[in-house]
Amino acid sequence: MTKATPDQQQQLLELQAVDTAVRRLEHRRAHLPEQQALDECEATLRKVTGELATAREDLERTEKAQSRLEGEIQTVESRRKSEEGRMFSGQITSERELSAIRGELASLKTRKGDLEDQLLEAMERREELESLVEELTRRRKELTEQAQELGESRDHAATDIDAELAERRTERGELAGAMPADLLEFYDRLRERKDGLAVAELHGRTCQGCRLELTATELEDVKDQAKGGMPRCEQCERILVPAG
């Protein structure tokens, strides 16, 4: 079982105070108004970037469809001219064969009409998508510039917090470095389980971690363990250090 001398218990209390301060500073930094504005801007930027990628893919498909339709129309038109050339060449005298050619020409005319309708739709869709891509590209550029400005504002607002954080983290490193490895490991594990608060001070009969009062027996046990063991709150299981 991990134990701590009275001096080490006080060191744990100091370390806890520093860790709590670091956590509060990190929370303040993460919740700066400038940071929140930046987060919102970046979320919108990601959304617009995704929409732009989708629009570009749709535009590329529509361009390919338009090219395919134009090719098919050209093929149909070439076939029509060829069939008309045969029909009016004077070389075909069979009424049956001429009737077949007229039927083919009618079919080609219908096919060309259908293809031209599809081509018109593709051209209209392409125009819409080109306009959308242009708008989304402009919007993404605006958001990128806005995000950069907000990032600079956030960094400026966080300067003092960052300086204090660096100071506190240095202090944390010094305190942790002077502590036995097993004790530090025990403290860190407990802190992770207890939402950042592993060590609490005992004021009178009240644990400052869970704010509950100890019974007379529990109080005597804590005082006894504080002499060289590991005093723990019976209610919240945090390390409990009697106020000096």
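Structure: see above.
About the criteria used
- Residues numbered from 1 in each chain as written.
- Predicted model: local features only at pLDDT ≥ 70, side-chain atom pairs only at ≥ 80, totals over all residues.
- Heavy atoms only, no water.
- Salt bridge = Lys/Arg side-chain N within 4 Å of Asp/Glu carboxyl O.
- Helix = DSSP H or I, 4+ residues; strand = E, 2+ residues; numbered from the N terminus.
- Buried < 20%, exposed > 50% of the residue type's maximum accessible area, 1.4 Å probe, protein only.
- Pairing = 2+ DSSP bridges.
- Axes fitted to C-alpha atoms, helices over the stretch in contact; angles between N-to-C directions.
- Parallel < 35°, antiparallel > 145°, perpendicular 65-115°, else oblique.
- Left-handed = near helix turned anticlockwise from the far one by under 90°.
- Nonpolar A, V, L, I, M, F, W, Y, C, P; charged D, E, K, R; others polar.
- Core = buried A, V, L, I, M, F, W, Y, C linked by side-chain atoms within 4.5 Å.
- Contact = heavy atoms within 4.5 Å.
- Expected span 1.5 Å × (residues − 1).
- Arc of directions from axis to C-beta.

J.: In this structure, what is going on with the pattern of salt bridges? I would like to understand it.
T.: Once the charged atoms of two side chains with opposite charge are near each other, the side chains can pair. Throughout the structure, instances matching the rule amount to 33 salt bridges. Between arginine 125 and glutamate 128 there is a salt bridge, with its nearest N and O atoms 3.7 Å apart. Residue arginine 125 and its partner glutamate 128 are located together in helix 3 (residues 95-157), separated by three residues, close to a single helical turn. With relative accessibility at 36%, the residue arginine 125 sits in the partly exposed group. Among the salt bridges present, the one from glutamate 237 reaches arginine 193, with a minimum N-O distance of 3.2 Å. Placement of glutamate 237 in the loop between helix 6 (216-225) and strand 3 (239-242) and of arginine 193 in helix 5 (residues 181-193) is noted, with a sequence separation of 44 residues between them. Owing to a relative accessible area of 56%, arginine 193 belongs among the exposed residues under this scheme. What emerges from the salt-bridge pattern is a single network uniting Glu77, Arg80, Glu84, Lys112 and Glu116.

J.: Sorry if this is basic, but what is going on with the pairing of strand 1 (residues 199-203) here?
T.: In the case of a regular strand, side chains alternate between the two sheet surfaces. Direction of pairing for strand 1 relative to strand 3: parallel, over a ladder of four bridges. Each residue of the ladder has a partner; that of valine 199, found in strand 3, is isoleucine 239. In terms of strand pairing, strand 1 meets strand 2 (residues 206-207) through two bridges, oriented antiparallel. Considered in strand 2, the bridge of leucine 202 is made with cysteine 207. Two successive antiparallel strands, strand 1 and strand 2, enclose a turn made up of two residues, where glycine 204 displays a positive phi of approximately 65°.

J.: How should the sheet that holds strand 3 be read in this particular structure?
T.: What holds strands together in a sheet is hydrogen bonding between their backbones, with the strands either parallel or antiparallel. The sheet built from three strands is open, its strands ordered 2-1-3 with mixed pairing. Edge positions in the sheet fall to strand 2 and strand 3, since each of these pairs with one other strand and no more.

J.: Before we go on, may I ask you to explain the packing of helix 2 (residues 33-87) against helix 3 in this structure?
T.: For the pair helix 2 and helix 3, interaxial distance at closest approach is 5 Å and the crossing angle is 160°. Here helix 3 runs roughly antiparallel to helix 2, going by the angle between their axes. Note on packing geometry: the crossing formed by helix 2 with helix 3 is left-handed. Tallied by class, residues from the contact of helix 2 with helix 3 come to 28 nonpolar, eleven polar and 25 charged.

J.: Before we go on, may I ask you to explain the nonpolar core in this structure?
T.: The tendency in soluble globular proteins is for nonpolar side chains to be buried as a group. The biggest cluster of nonpolar side chains holds 24 residues, and the ones touching the most others in it are Leu12, Tyr187, Val199 and Ile239. If you list the elements that add at least two residues to this core, you get helix 1 (6-30), helix 4 (159-177), helix 5 and strand 3. Sorting elements by how many residues they give to this core places helix 1 first, with six residues. Excluding residues that lie within four positions of it along the chain, isoleucine 239 makes contacts with Leu12, Phe186, Leu190, Ala198, Val199, Ala200, Met230, Pro231 and Arg232. Within the second largest apolar cluster, 13 residues are counted, among which are Leu38, Cys41, Leu52 and Leu143.

J.: Sorry, what's going on with helix 5 here?
T.: Between its first and last C-alpha atoms helix 5 spans 19 Å; for 13 residues at 1.5 Å apiece the expected length is 18 Å, and the two agree. Restricting attention to buried positions, one finds in helix 5 the residues Leu183, Leu184, Phe186, Tyr187 and Leu190. In a view along the axis of helix 5, the buried residues occupy a sector of 160°, so they form one face of it. Across from the buried face of helix 5, at angles greater than 90 degrees, the exposed residues are Ala181, Glu192 and Arg193. Here the buried face of helix 5 lies against helix 1, helix 4, strand 1 and strand 3.

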